[in-house]
Amino acid sequence: MSDLKVEARVLRDMLQYQEGAIVSRVLVKNPGGNVTLFAFDQGQELSEHTAPFDAVVVLLDGQAEIRVDGTPYTLKDGDTLTMPAHRPHALKAVAAFKMLLIMLKAAGEE
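Residues numbered from 1 in each chain as written. Predicted model: local features only at pLDDT ≥ 70, side-chain atom pairs only at ≥ 80, totals over all residues. Heavy atoms only, no water.

K.L.:
Looking at this structure, I do not really get the packing of aromatic side chains. What am I missing?
P.N.:
Two descriptors summarise a pair of aromatic rings, namely the distance from one centre to the other and the angle between the planes of the rings. The full count for this structure, using the stated rule, is 2 aromatic pairs. Pairing F38 with F40 gives two aromatic rings, centres 6.1 Å apart and planes at 45°, and the pair type is tilted. For the pair shown, F38 and F40 are each scored as buried. On the numbers, 4.5 Å between centres and 15° between planes, the contact of F40 with F97 is stacked. Taken together, the residues F40 in strand β2 (residues 33-40) and F97 in strand β7 (residues 89-105) connect sequence positions 57 residues apart. Of the two residues, F40 and F97, both sit in the buried class. In this structure, K98 packs its charged tip against the face of Y17, placed 4.9 Å from the ring centre. (Phe/Tyr/Trp six-rings, centres within 6.5 Å; stacked < 30°, edge-to-face > 60°. Buried < 20%, exposed > 50% of the residue type's maximum accessible area, 1.4 Å probe, protein only. Helix = DSSP H or I, 4+ residues; strand = E, 2+ residues; numbered from the N terminus. Lys NZ or Arg CZ within 6 Å of the ring centre and 35° of its normal.)

So this is what it looks like as structure tokens:
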């Protein structure tokens, strides 16, 4: 049986912005993937990288530019973006933003 607790919470309130920083909080982590909440201050970014997980980004607040394979996508409150595993991607805070990142083990990955 899982150790995961049943909890109802407001995602936007679970993490606060910090000036000049990116902060994160892991909500769920298991062998199949993880769910992490992020808060990016305006201008903060993650350089291009890849991950061995399929991912879904849910923007909760603010505005972000996410590049996947060099193509920019601008997301704002309530928008989602899917990103296949092993594809280069980068994130930049156009305005301070909060997002939920859901990463799932890609098919065929061990």
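Continuing now.
K.L.:
Whenever I open this one, the pattern of salt bridges confuses me. Can you help?
P.N.:
When their charged atoms lie close together, side chains carrying opposite charge are able to pair. On inspection of all chains with the given rule, the structure shows 4 salt bridges. E7 is paired through a salt bridge with R9; the nearest N and O atoms lie 3.7 Å apart. Among the residues examined, E7 registers a relative accessible area of 52% and is labelled exposed. The salt bridge involving R67 is made with E65; its shortest N-O contact spans 3.2 Å. (Salt bridge = Lys/Arg side-chain N within 4 Å of Asp/Glu carboxyl O.)

K.L.:
Explain the nonpolar core here, please?
P.N.:
Where a protein is soluble and globular, its nonpolar side chains tend to be buried together. Counting 17 residues, the largest nonpolar core has F40, V57, I66, M83, F97, M99 and L101 as its most contacted members. Of all the elements in the fold, those that place two or more residues in this core are β2, β4 (53-68), β6 (80-83) and β7. Dropping the residues within four chain positions of it, F97 is found in contact with Y17, F38, A39, F40, L59, D61, G62, Q63, A64, L91 and K92. Core analysis: the second largest hydrophobic core is formed by 8 residues, M14, L15, A39 and L100 among them. (Core = buried A, V, L, I, M, F, W, Y, C linked by side-chain atoms within 4.5 Å. Contact = heavy atoms within 4.5 Å.)

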